[in-house]
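# Descriptive analysis of the structure
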Amino acid sequence: MAEKPRIEELRDLLEREIAELEARLQLYQQLLALLDECSAGALSSTRGIRRGKEFRSRDGRVAARLATTRDTIRLSFTRPVPEQHPYVRYMLTALERLASEYEGLEYTVERDDEGRITSVIVTGISRDSEDEVYAVLEFAAKKVSELPLR
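Keep in mind that what you see is a predicted model, and the values were worked out from it rather than measured.

## Thoughts on the pairing of strand β2 (residues 62–68)
Burial of β2 is extensive: 7 of the 7 residues sit out of reach of the surface. Strand direction decides the pairing type here: β2 and strand β3 (residues 72–81), joined by 5 bridges, are antiparallel. When the sheet's bridge partners are listed, R65 is paired in β3 with S76. The turn joining β2 and β3, which pair antiparallel and follow one another in sequence, is formed by 3 residues.

This is how it looks when you write it as structure tokens:
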């Protein structure tokens, strides 16, 4: 019977440790997102970030981040995504269409050494185009995070 209280004490200790680690992980994820936005120049303006969103895979890992400033939206993938991915192809096609429809709207696709997409930066966003551009990037981020990468 002496082992029963020790097991409960051990369980309590482990639960507290897990809670601390989860809090630390959340802090590190926020710091990483901040670093990503700084490297993109998103925080260099006085406007700052208007909204941001993270998309997590089924296992709980951050798969993509979407950050918006006044006239720029950046979608960053934590793991590079092949351009052949169907939702990435959809996103690029939709951005091409939007760039031809809205004057001044431009987008840049950043790739890793193997040609996989690491981020997409859309600039020159007007109030008229903001919701549509955001919806395209958000849809792609959500779908990419839900499906396993090949």
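Having seen the structure, we can now continue with the description.
## Let's talk about the pattern of salt bridges
The full count for this structure, using the stated rule, is 11 salt bridges. The closest approach of N and O atoms between R65 and E54, which form a salt bridge, is 3.3 Å. Here R65 is found in strand β2, whereas its partner E54 is found in strand β1 (residues 51–56), with 11 residues between them in sequence. Overall, R65 belongs to the buried group, its relative accessible area being 8%. Residue R74 pairs with E110 through a salt bridge whose shortest N-O separation is 3.4 Å. Here the residue R74 occupies a position in strand β3, and E110 occupies one in strand β4 (residues 106–111), the gap between them amounting to 36 residues. We classify E110 as partly exposed; its relative accessible area is 30%.

The rules we used
Residues numbered from 1 in each chain as written. Predicted model: local features only at pLDDT ≥ 70, side-chain atom pairs only at ≥ 80, totals over all residues. Heavy atoms only, no water. Buried < 20%, exposed > 50% of the residue type's maximum accessible area, 1.4 Å probe, protein only. Helix = DSSP H or I, 4+ residues; strand = E, 2+ residues; numbered from the N terminus. Pairing = 2+ DSSP bridges. Salt bridge = Lys/Arg side-chain N within 4 Å of Asp/Glu carboxyl O.

Structural measurements only, silent on function.
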